[in-house]
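# Understanding the architecture of this molecule
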Amino acid sequence: MAAATWRYRGDPEAERPAALVRFANGRLRRPESLRFTVYRNRNAAHPQKRHRRILVSETERLCYVGHNFGSEVMKCNSLCRYFVGVLDKNSGQMEVYNAEIFNMQPLLSDNLIPDDTKDYQTKSYREKMDLCIEAFGTSKQKRALSSRRMNAVGSDIVSTAVTKAAANVIDAKGVTALMQDMAQDEVQNISAFLPPCHEDADRPEQVYRFEDILSPVEYEALRVPAATLASVTAEELAKRVEERSHCSFVLEELRFLPTDERSRDHKARCLWFLDTLIRFSHQKVIKKKHPMGPECPHIISKKLMKNFTSLTYNNGSIQNLISTSMKAKITAYVIALALHINNFQTDLTVLQNDMKLSESRILDIARALRLRVTKAKGMPGLEDDQNHKLGTLSLPLPTQKAPEGQRKRKKMS
């Protein structure tokens, strides 16, 4: 606490009590360098206002203000009296003056009138903290504040530029053309996950070649696990239908296995791999080394993990995830394989139910595969009352069309 020397802004002959000041935000390093100015109320005749004083001091960085009235007044002034003694070193005599204590608060505004602090009170917590950092913050905090403000300005500039550019594009191309471009992007996003398409093929079986779905080595590895399907009896099939041990598509096709041994073995291998693909698509995160069980050949497990999962990081470890885009890819390969099984016409609704997809999703993928989609009644025993969608691969291939209804664009991953 220190005594203040001041000069009055007002009547030079007015009563001059001494002042003791203390600073709310800490101690001053050089208090002797400060000078104070006191303001008194002009209404000297009013008994309550004539003693009101405002004490002001200004440093290089901040302005301080203290009051002897209002909510900031110190209660000690009303509980006791204070005096300041000034010693004359030459005469050895001391003069005693009445004194008041002023609590000096930093004023973060150029306006020293207390009634005008309402603007400060309406500021947000972040704005008040920024003012405190400007006044009392370290160099690091001030640099961070400046950087944040510059980034905010930069974001506003970028946002304005993007909005202006978007408006220019809309004016130049029109809304209809932009919607068509967006729909075409949807088709292209799906097309990135399709089996290789040979548009110049002269037969349907050459459009999506079987060896692009299953290589000769992978096809050979299916001989052992598919043998149980090739040799299934009517009683065993009825039990499997009751237990739903396979998907509906496979259970239905097992009813019509060829009698020829070679053709029967080929279809059994295709059905086994198709059933494995569908069951694999129902998983989300692959946590096991052999996700499809020990009966699945190693080369097939490796194919599933490599071609139909995405790598992701979780808690510092790498995991295999079946993302939305990977499920779309599995669906495309399932449809392509089903076409080879069913002479290039397949029931999309059955596959949709097996893969737990929406109708719009599987139809988008089917159209991206260049299939012609028609309506037909379901196969015997498979929801005959429901209108099924049939997908047919025929030449010449139809041109790619945008998804129906111009649905909202979704990311594939």
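None of these values were measured; they are calculated from a predicted model. (Residues numbered from 1 in each chain as written. Predicted model: local features only at pLDDT ≥ 70, side-chain atom pairs only at ≥ 80, totals over all residues. Heavy atoms only, no water.)

Right, let's talk about the nonpolar core for a bit. If you look at soluble globular proteins, the nonpolar side chains tend to sit buried side by side. Counting residues in hydrophobic clusters, the biggest one holds 64 residues, and the most contacted among them are Phe-249, Leu-274 and Ile-335. Listing elements by their share of this core, those giving two or more residues are α6 (210-213), α8 (227-230), α10 (248-253), α11 (261-281), α12 (298-307), α13 (324-341), α14 (348-355) and α15 (359-368). Top contributing element to this core by residue count: α13, with 12 residues. Other than its neighbours up to four places away in sequence, Leu-274 contacts Cys-247, Phe-249, Val-250, Val-334, Leu-337, Ala-338 and Ile-341. One finds Val-21, Phe-36, Leu-55 and Met-104 within the second-largest nonpolar core, a separate group that totals 12 residues. (Core = buried A, V, L, I, M, F, W, Y, C linked by side-chain atoms within 4.5 Å. Buried < 20%, exposed > 50% of the residue type's maximum accessible area, 1.4 Å probe, protein only. Helix = DSSP H or I, 4+ residues; strand = E, 2+ residues; numbered from the N terminus. Contact = heavy atoms within 4.5 Å.)

Here we come to the packing of α14 against α15. As a packed pair, α14 and α15 sit with axes 10 Å apart at the nearest point and diverge in direction by 125 degrees. Regarding the angle of α14 to α15, the classification is oblique. Here α14 runs over α15; the crossing is right-handed. When α14 is examined against α15, the residues Leu-348, Leu-351 and Gln-352 are found in contact with a partner set consisting of Glu-359, Ile-362, Leu-363 and Ala-366. (Axes fitted to C-alpha atoms, helices over the stretch in contact; angles between N-to-C directions. Parallel < 35°, antiparallel > 145°, perpendicular 65-115°, else oblique. Left-handed = near helix turned anticlockwise from the far one by under 90°.)

So, about the pairing of strand β6 (residues 63-67). Of all 5 residues in β6, 5 are buried, a share of seventy percent or more. Here β6 shows two buried faces, one formed by Cys-63, Val-65 and His-67 and the other by Tyr-64 and Gly-66. Here strand β5 (residues 53-58) runs beside β6; their pairing, made up of 5 bridges, is antiparallel. The residue bridging Ser-57 from the neighbouring strand is Tyr-64, located in β6. Count of turn residues in the β5/β6 antiparallel hairpin: 4 residues. For β6 and strand β8 (residues 94-107), the ladder comprises 3 bridges, and the chain directions are antiparallel. (Pairing = 2+ DSSP bridges.)

Packing of α13 against α15 brings their axes to within 10 Å, and their N-to-C directions diverge by 60 degrees. Put simply, α13 runs oblique to α15. Where α13 crosses over α15, the two elements pack in a sense that is right-handed. Where α13 abuts α15, its residues Thr-324, Ala-328, Thr-331, Ala-332 and Ile-335 lie against Arg-361, Ile-362, Ile-365 and Ala-366.

Our focus in this paragraph is the confidence of the model for the protein chain. Residue-level pLDDT values for the protein chain average 79, and 74% of them are 70 or greater. Considering only residues more than four positions removed or in separate chains, one finds that residues 5-14, a stretch of pLDDT under 50, has 24 contacts. Contacts of residues 381-385 to residues separated by more than four positions or lying in other chains number 10 contacts, the stretch itself having pLDDT below 50. (pLDDT = per-residue confidence, 0-100.)

Overall, the coordinates contain 3 aromatic pairs when judged by the stated rule. Ring centres of Phe-23 and Tyr-64 lie 5.0 Å apart, and the angle between their planes is 85 degrees; on these two criteria the pair is classed as edge-to-face. Of this pair, Phe-23 sits in strand β3 (residues 18-23) while Tyr-64 sits in strand β6, placing them 41 residues apart in sequence. Comparing Phe-23 with Tyr-64, the two get one shared label, buried. With a centroid separation of 5.4 Å and an interplanar angle of 85 degrees, the aromatic rings of Phe-308 and Tyr-333 are classed as edge-to-face. (Phe/Tyr/Trp six-rings, centres within 6.5 Å; stacked < 30°, edge-to-face > 60°.)

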